[in-house]
Every structure is written in structure tokens, then in C-alpha cells.
Amino acid sequence: MKIKKKFVKNINGLNYFYLESGKINEIKSNVILFLHGFPELSYSYRYLLKNFSYEGYYCIAPDQRGYGKTSFTYPVKTNATDYSIFNLTKDIFHLLVKLKIRNINLVGHDFGSYVASYFCLFYPKLVKSLVLMSMPFG
């Protein structure tokens with residue numbers, strides 16, 4: 001399977017970059033969302049995207065807020081609150097809304113585990129399963 005590079009405009013004030021691989025099924029139940037850690041990017045998941053898409057999953061790996069090709073929609077002076085866990089999880093939620101996805105298997109690595117854990121707390125009905133790598137959630 002090929003990995004495609006895509007952008008979604010205006011996600012919580014951002015132009016959101018993500019990689020995708022595989023085909024989504026009719027009921028959109030085969031989605032795996034990968035969240036990277038620091039100092040990684042969506043590119044870190046390139047091998048997993050390919051491997052899981054061969055197994056029939058539709059895989060997404062975004063560059064999270066402040067990383068890679070994801071950028072603000074307009075020039076802005078940022079402050080620390082722009083990068084709060086509330087904004088980071090809201091970014092993922094709005095990405096899924098724009099992609100019309102309502103059910104995910106969520107994988108987080110390092111700092112991505114932190115975001116994935118809070119995403120499960122804020123949006124539990126959207127998450128089928130959770131994998132946390134290299135960072136326990138307290």
C-alpha cells in the first residue's frame with residue numbers, strides 16, 4: 001500500500017498535515033490513528049502504516065500541533081496555552097470530525113501517549129482500543 005500525504009484546512013486554527021495508508025471500510029470501523037512523540041513526526045510511523053494497511057486497516061498519522069508540516073492558518077504569536085492538552089486533544093477530535101471518522105483504534109508513543117490518554121478521557125465513545133508506548137499514564 002502507498003502512503004499518501006494530505007492536509008486538512010482549518011482544524012482548530014491549524015492546517016493539519018497527516019499521512020494515510022489503506023482503505024477505509026463502509027462503516028469506518030477499521031481506523032488506526034497513530035500519535036507521535038517528541039521529537040518525532042508522522043513519518044516515524046511509515047512502516048506501521050504500510051504493515052497495518054496490508055492487514056486491512058485504514059491508518060492515519062498526523063503531525064501534531066507544533067510539529068512538522070502542521071501550521072497555524074495565519075501568522076500568530078503563540079503562547080504556552082496554545083499547546084495545552086485541551087487544544088492538542090481538540091485538534092485530534094476536529095481532524096476526525098473533518099474526516100467523518102467516529103471510531104478509532106488509538107496508538108500513542110512518548111508524548112503522543114499523553115495526548116492519546118487524554119483523548120480517551122475526553123472522547124471515550126470514539127475509542128475502540130488504546131495502545132500506549134514508552135509513557136505510562138498516571
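Going by the structure above, here's the rest.
Residues numbered from 1 in each chain as written. Predicted model: local features only at pLDDT ≥ 70, side-chain atom pairs only at ≥ 80, totals over all residues. Heavy atoms only, no water.

## Remarks on the state of the cysteines
In plain terms, the rule: Disulfide assignment relies on a single distance test, namely cysteine sulfur atoms paired within 2.5 Å. Throughout, exposure labels follow a simple rule: accessible area from a 1.4 Å probe, protein chains only, divided by the maximum for the residue type, with under 20% read as buried, over 50% as exposed, and the rest as partly exposed.
Counting across every chain of the model gives zero disulfides. Cys120 supplies the cysteine sulfur nearest to Cys59, a cysteine that is in no disulfide, at a spacing of 17 Å. Residue class for Cys120 comes out buried when judged on its relative accessible area of 18%.

## Thoughts on the pairing of strand β3 (residues 31-35)
For the record, the criterion: Secondary structure follows DSSP: runs of H or I at least 4 residues long count as helices, runs of E at least 2 residues long count as strands, and numbering of each begins at the N terminus. At least two bridges found by DSSP between two strands is the condition for calling them paired. Looking down the strands as they point away from you, a crossover is right-handed if its path from the first strand over the helix to the second goes clockwise.
Among the five residues in β3, five count as buried, and that is most of the element. Taking every second residue as pointing to the same face, both faces of β3 are buried, with Val31, Leu33 and Leu35 on one and Ile32 and Phe34 on the other. Note that β3 and strand β4 (residues 58-62) share three bridges and pair parallel. Across the sheet, Val31 pairs through a bridge with Tyr58, a residue of β4. Handedness of the crossover joining β3 and β4 through helix α1 (residues 46-54) is recorded here as right-handed.

## Some remarks on unusual backbone geometry
Following Phe38, the chain continues into Pro39 via a peptide bond in cis, with omega recorded as 0 degrees. By the element assignment, Pro39 lies in the loop between β3 and α1. Even without glycine at this site, Ser134 takes up a positive phi of about 70 degrees. Checked against the element boundaries, Ser134 lands in the segment after β7 (127-133). Residue Ser134 is classed as exposed on the basis of its relative accessible area of 61%.

## Here we look at the nonpolar core
The condition that has to hold: Buried Ala, Val, Leu, Ile, Met, Phe, Trp, Tyr and Cys residues form a nonpolar core when they are joined through side-chain atoms within 4.5 Å.
One finds Ile60, Ile92, Ile101, Ile104, Leu106 and Phe119 to be the most contacted residues of the largest nonpolar core, which totals 25 residues. At the level of secondary structure, the elements contributing two or more residues to this core comprise β1 (3-11), β2 (14-21), β3, β4, α2 (85-98), β6 (104-109) and α3 (111-122). Counting residues in hydrophobic clusters, the runner-up holds nine residues, among them Leu19, Ile32, Phe34 and Val107.

## Thoughts on the packing of α2 against α3
Definition in use: Axis definition: a line fitted to C-alpha atoms, limited for helices to the stretch in contact. Angles are taken between N-to-C directions and run from 0 to 180 degrees. Here the angle decides the label: under 35 degrees means roughly parallel, over 145 means roughly antiparallel, 65 to 115 means roughly perpendicular, and every other value means oblique. By definition, residues are in contact when any of their heavy atoms lie within 4.5 Å. Any residue outside Ala, Val, Leu, Ile, Met, Phe, Trp, Tyr, Cys, Pro, Asp, Glu, Lys and Arg is labelled polar, Gly included; the first ten of those are nonpolar and the last four are charged.
In the contact formed by α2 and α3, the axes pass within 9 Å of each other and the chain directions differ by 70 degrees. With respect to α3, the element α2 is oriented roughly perpendicular. Facing α2, whose interface residues are Ile85, Phe86, Leu88, Thr89, Ile92, Phe93 and Leu96, α3 presents Phe111, Tyr114, Val115, Tyr118, Phe119 and Phe122. Looking at side-chain class alone, the contact of α2 with α3 contains 12 nonpolar, one polar and no charged residues.

## Overview of the pattern of salt bridges
Under the convention used in this document: Note on definitions: salt bridges are taken to be side-chain nitrogens of Lys or Arg within 4 Å of carboxyl oxygens of Asp or Glu.
Taken as a whole, this structure holds two salt bridges when the rule is applied. A salt bridge links Glu20 to Lys6; its shortest N-O distance comes to 2.8 Å. Separated by 14 residues along the polypeptide, Glu20 in strand β2 and Lys6 in strand β1 bring together distant segments of the chain. Given a relative accessible area of 6%, Glu20 falls into the buried group. Here Lys6 falls in the partly exposed class, since its relative accessible area comes to 31%. Ionic pairing is found between Arg65 and Asp91, a salt bridge with its closest N-O pair at 2.8 Å.

No statement about biological role is implied by the geometric values presented.
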